[in-house]
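These are the residues of each chain, in order.
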Amino acid sequence: HYSGLEEAVYRNIQACKELAQTTRTAYGPNGMNKMVINHLEKLFVTNDAATILRELEVQHPAAKMLVMASHMQEQEVGDGTNFVLVFAGVLLELAEDLLRMGLSVSEASYIVIEGYEKACRKALEILPDLVCCSAKNLRDVEEVASLLHTSVMSKQYGNEHFLAKLIAQACVSILPDSGHFNVDNIRVCKIVGAGISASSVLHGMVFKKETEGDVTSVKDAKIAVYSCPFDGMITETKGTVLIKNAEELMNFSKGEENLMDIQVKAIADSGANVVVTGGKVADMALHYANKYSLMLVRLNSKWDLRRLCKTVGATALPRLTPPTPEEMGHCDSVYLSEVGDTQVVVFKHEKEDGAISTILIRGSTDNLMDDIERAVDDGVNTFKVLTRDKRLVPGGGATEIELAKQITSYGETCPGLDQYAIKKFAEAFEAIPRALAENSGVKANEVISKLYAVHQEGNKNVGFDIEAETAAVKDMLEAGVLDTYLGKSWGIKLATNAAVTVLRVDQIIMAKPAGGPKPPSGKKDWDEDQND
């Protein structure tokens, strides 16, 4: 029988193991999809760990530590969230074996934590030696596409060549000379219909909107952007107008019309031929816009309006005043097009060095397109990581097995009890090739023994071949299965931190009112004399 404190530690570990097990079967290109229904009853079908965790409401405080670690990985690297979860879950599972070996939980926890931290430092020391190549030229679409294969493959196995090329085209076209790449500059527009192979890249922006007026296409567009409605000015105070005869009524409405006419003419005279507004468009204003051949586009989202301003280099004006040449945006062409049966307005730059690129995703269902969008996000984030650090390590479990081999040797040189924890840390790395093998329907033990055998001969780049029918291994550098160095180092760091934090906890104290029956309220007037 365990004491209360020991029980708490084991319960925490159990909760984390269950969470890690959920995403473990989704690991790798052959990972199973999860069907998640969130609190709003929205359905998600995906094997992306970040999405699964975001939509699950994890209640257990210890399991939340793992969720927070994977969120940090998502923010820092944008990919590798499942690696953090699986690795942290296995670290805790192996720590449980050590805790059960007979020492008191507080002593054993201290030894395990000490060993894990030592091993993590050693792993981060070894990792730079495992770098197998670096990205040479991030402006070469073919090279970038080959480097993005691995991250896209884990979400969209089978479509990775096509999607990686699309993402590479979009990223390279907007990479500034400074090299500071912003993920938000790659937009995704999803339109139901056709198939994935009909997806394309456009330099500029695409909105699922129709134009308001008669003009549907403008070449060499000069764009005026307004954050207010395209309507006459409304006075702040109410006024009463007494009209005595028909002539006065005619003059009254004519005055309003003339004012609108003057405003729209002034915008047209400034040289603008496209007007984008963030509010409603009045009928009278629309009439005059058609009269002066202005193309009218209405965007309800402030976010879209800001993005468009950035794309075309315009300034959003708060009132219907004629724009100065500096406030106007410019674009090679703006036109209304039909994709499938959906009307879209395209703001297109002919030159490739625009500020924003849009990937137009086509697919048969919304769920499928959502999943492709997640794969695109991962690909774009991988490109951003490569702009920060061009180093790459072999994928397919090759890096993990090499780390496991070297950390086991290191553990044997360490005196003291923490060597057991260091060896367990090394063993935890086996979970990654094990998950890849299990999800591909291959005997995991066979794969791991083969990998160890090949790595003992000094072949650092050999990993598990997921495309073979049996437990086969191959050179990951030749196969082009590469992981980013930054993604791996952050993943190891965050997973170890999360596991160590959970092991440091021996009690969870919830600030909630205790259960049980309510205390008796007693008599209110107990101190008053009964005989009164």
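Calculation rules
Per chain, the residues get numbers from 1 upward, laid out in the order the sequence is written. Per-residue local features are limited, in this predicted model, to residues with pLDDT of at least 70; the limit for side-chain atom pairs, both in listing and counting, is 80 or more; totals at the level of whole chains, interfaces and linings are taken over all residues. To get the side-chain values, all heavy atoms of the structure are used, and hydrogens and water are removed first. UniProt positions are given in the numbering used here, feature names are shortened, and annotations may be inferred rather than shown by experiment. For helices the rule is a DSSP run of H or I covering at least 4 residues; for strands it is a run of E covering at least 2, with both sets numbered from the N terminus onward. The globule rule used here is 2.2 Å times the number of residues to the 0.38 power, and the radius of gyration it is set against is calculated over C-alpha atoms. Burial classes: relative accessible area under 20% of the type maximum marks a residue as buried, over 50% as exposed, and values in between as partly exposed (1.4 Å probe, protein chains only). Contacts: residue pairs with any heavy atoms within 4.5 Å of one another. The protein chains shown are the only cover counted for residues, whose accessible areas, like all others here, come from Shrake-Rupley with a 1.4 Å probe. Charge counting treats Lys and Arg as positive and Asp and Glu as negative, with His and both chain ends excluded. The atoms used to mark charge sites are NZ of Lys, CZ of Arg, CG of Asp and CD of Glu. Every axis in this analysis is a line fitted to C-alpha atoms, fitted for helices over the stretch in contact. Angles between the N-to-C directions lie between 0 and 180 degrees. Each angle is binned into one of four classes, with values under 35 degrees roughly parallel, values over 145 roughly antiparallel, values of 65 to 115 roughly perpendicular, and all other values oblique. By definition, any crossing whose near helix is turned counterclockwise from its far helix by less than a right angle is left-handed, and any crossing with a clockwise turn is right-handed. Patch definition: residues above 30% relative accessible area lacking any salt bridge, with like charges linked at up to 9 Å and the nonpolar side chains Val, Leu, Ile, Met, Phe, Trp and Tyr linked at up to 5 Å. A side-chain nitrogen of Lys or Arg and a carboxyl oxygen of Asp or Glu constitute a salt bridge if their distance falls within 4 Å. Here, nonpolar core means buried Ala, Val, Leu, Ile, Met, Phe, Trp, Tyr and Cys residues that are tied together by side-chain atoms lying within 4.5 Å of each other. Disulfides are defined as cysteine sulfur pairs within 2.5 Å. Any pair of Phe, Tyr and Trp rings, taking the six-membered ring for Trp, is counted once the centres come within 6.5 Å. Such a pair is stacked with planes under 30 degrees apart, edge-to-face with planes over 60 apart, and tilted for the rest. Criterion for a charge above a ring: Arg CZ or Lys NZ at most 6 Å from the ring centre, at most 35 degrees from the ring normal. Strand pairing is assigned whenever DSSP detects at least two bridges linking the two strands. The domain boundaries here were taken from an automatic or database domain assignment.

Looking up the protein in an unreviewed UniProt entry gives the name T-complex protein 1 subunit theta, with the organism given as Hemiprocne comata. Its UniProt record gives the protein the following Subcellular location (unreviewed entry) comment, quoted word for word: "Cytoplasm". Under the Sequence similarities (unreviewed entry) heading, UniProt states for the protein: "Belongs to the TCP-1 chaperonin family."

Q: Quick question: what am I supposed to make of the overall build of the protein here?
A: For the protein, the count of helices and strands is 17 helices and 16 strands. In terms of overall size, the protein is more extended than a compact globule, its C-alpha atoms giving a radius of gyration of 31 Å where 532 residues would be expected to give roughly 24 Å. Dimensions along the principal axes, computed over C-alpha positions, put the protein at roughly 100 × 100 × 40 Å. Classification of the 532 residues of the protein by burial places 50% in the buried group. The contacts in the protein between residues at least 6 apart in sequence include a share of 75% that link residues at least 24 apart. Entry remark: accessible area of the protein is about 26300 Å², with carbon and sulfur atoms responsible for 51%. The centroid of the 56 positive side-chain charges in the protein is displaced by 1 Å from the centroid of its 74 negative side-chain charges.

Q: Quick question: what am I supposed to make of the packing of helix H12 (residues 398-413) against helix H15 (residues 444-456) here?
A: Two quantities define a packed helix pair, namely the angle between the helix axes and the distance between the axes. Their axes nearest at 10 Å, the elements H12 and H15 cross at an angle of 70°. Between H12 and H15, the angle is such that the two are roughly perpendicular. Crossing hand, H12 versus H15: right-handed. In this structure, H12 uses Ala-398, Ile-401, Glu-402, Ala-404 and Lys-405 to contact H15, whose residues at the interface are Ile-448, Leu-451, Tyr-452, His-455 and Gln-456.

Q: I'm lost on a nonpolar patch on the surface in this one. Help?
A: On the surface, a cluster of nonpolar side chains totalling about 360 Å² of accessible area is made up of Val-241, Ile-243, Leu-249 and Phe-252. In this fold, Ile-243 is placed in the loop between strand E6 (217-226) and helix H8 (246-269).

Q: Where do I start with the nonpolar core in this structure?
A: Generally speaking, a soluble globular protein has its nonpolar side chains buried in company with each other. Among the nonpolar cores identified, the biggest contains 74 residues, and Tyr-116, Leu-403, Ile-407, Phe-425, Phe-429, Ile-492 and Leu-503 are the most heavily contacted of them. Considering each element in turn, this core owes the most residues, 13 residues, to helix H4 (residues 81-99). In terms of nonpolar packing, the next biggest core, distinct from the first, is built from 34 residues, Ala-145, Ala-168, Ile-361 and Met-369 among them.

Q: Could you clarify how one ought to interpret the state of the cysteines in this entry?
A: One pass over the full model with this rule turns up 0 disulfides. Lacking any disulfide linkage, Cys-16 is separated from the closest cysteine sulfur, that of Cys-120, by 17 Å. Here Cys-16 falls in the buried class, since its relative accessible area comes to 0%. Cys-171 forms no disulfide, and the closest cysteine sulfur to it belongs to Cys-189, at a distance of 17 Å. Here Cys-171 falls in the buried class, since its relative accessible area comes to 0%.

Q: What is the right way to look at the packing of aromatic side chains in this model?
A: Given two aromatic rings, their pairing is described by the distance between the two centres and the angle made by the two planes. Overall, the coordinates contain 7 aromatic pairs when judged by the stated rule. Considering the side-chain rings of Phe-87 and Phe-425, the 5.5 Å spacing of their centres and the 80° angle between planes classify their relative orientation as edge-to-face. Placement of Phe-87 in helix H4 and of Phe-425 in helix H13 (residues 418-428) is noted, with a sequence separation of 338 residues between them. You'll find Phe-87 and Phe-425 in the same group, each marked buried. With a centroid separation of 4.9 Å and an interplanar angle of 75°, the aromatic rings of Phe-181 and Phe-383 are classed as edge-to-face. Here Phe-181 is found in the loop between helix H7 (160-173) and strand E4 (186-192), whereas its partner Phe-383 is found in helix H11 (residues 366-388), with 202 residues between them in sequence. Within the aromatic cluster, the residues linked to one another by ring pairs are Phe-83, Phe-87, Tyr-116, Phe-425 and Phe-429. Across from the ring centre of Trp-490, 4.5 Å away, lies the NZ or CZ of Lys-493, which sits over that ring.

Q: When you look at the sheet that holds strand E13 (residues 391-394) in this model, what are you seeing that I'm missing?
A: The strands making up a sheet associate through hydrogen bonds between their backbones, and the pairing can be parallel or antiparallel. Taking strand neighbours across the sheet as the criterion, the 3 strands line up as E3-E13-E16 in an open arrangement whose pairing is antiparallel. Edge positions in the sheet fall to strand E3 (133-134) and strand E16 (482-484), since each has one partner strand and no second. Bridge analysis of E3 against E13 gives 2 bridges, and the strand direction is antiparallel. What sits directly across from Ser-134, in E13, is Arg-391.

Q: Could you clarify how one ought to interpret the pattern of salt bridges in this entry?
A: Think of it this way: side chains of opposite charge can pair up when their charged atoms draw near. For the coordinates displayed, the defined rule picks out 26 salt bridges. For Lys-118, the salt bridge is made with Asp-418, and the minimal N-O distance between the two is 3.0 Å. A residue pair is termed long-range when its members are at least 10 positions apart, and Lys-118 in helix H5 (residues 105-126) and Asp-418 in helix H13 qualify at 300 residues. Accessibility expressed as a relative area gives 25% for Lys-118, which makes it partly exposed. Measuring nitrogen to oxygen at the nearest pair gives 3.0 Å for the salt bridge that ties Lys-155 to Asp-378. Pair noted here: Lys-155 is in the loop between helix H6 (141-153) and H7 and Asp-378 is in helix H11, with a separation of 223 residues, a long-range link. Neither residue differs from the other here; Lys-155 and Asp-378 are each classed as buried. Beyond isolated ion pairs, a larger network of salt bridges with shared partners links Lys-17, Glu-96 and Arg-100.

Q: It is not clear to me how the domain arrangement of the protein should be interpreted in this structure. Could you clarify?
A: Interfaces are frequently sized by the accessible area removed from exposure as the parts join. Under the domain assignment, the protein is made up of domain 1 (4-133 + 393-504) and domain 2 (201-346). Taken over C-alpha atoms, the centre of domain 1 sits 55 Å from the centre of domain 2.

Q: For this particular structure, what's the right way to read the environment of Tyr-27?
A: By secondary structure assignment, the location of Tyr-27 is in the loop between helix H1 (4-24) and strand E1 (34-37). Taking the relative accessible area as the measure of exposure, Tyr-27 reaches 13% and is therefore buried. Considering only alpha carbons, one finds Tyr-27 and Asn-82, 55 residues apart in sequence, at a separation of 6.6 Å. Apart from residues no more than four positions distant in its own chain, Tyr-27 is found in contact with Asn-82, Phe-83, Val-86, Ile-432, Ala-435, Leu-436 and Asn-439.

Q: I tried to follow the pairing of E4 on my own but got confused; where do I start?
A: With 5 of 7 residues buried, E4 is to be regarded as a mostly interior element. Pairing of E4 with strand E12 (residues 357-363), which is carried by 7 bridges, proceeds in the parallel orientation. Residue pairing across strands places Ile-186 opposite Ser-357, the latter belonging to E12.

Q: Help me understand the pairing of E1, please; the structure alone is not making it clear to me.
A: Each regular strand shows side chains that alternate between the opposite faces of the sheet. Only one face of E1 is buried, namely the one carrying Lys-34 and Val-36, since none of Met-35 and Ile-37 on the opposite face is buried. Direction of pairing for E1 relative to strand E2 (residues 43-46): antiparallel, over a ladder of 4 bridges. Paired with Met-35 across the strands is Val-45, a residue of E2. Linking two consecutive strands that pair antiparallel, namely E1 and E2, is a turn of 5 residues; a positive phi of about 65° is found at Glu-41 within it.

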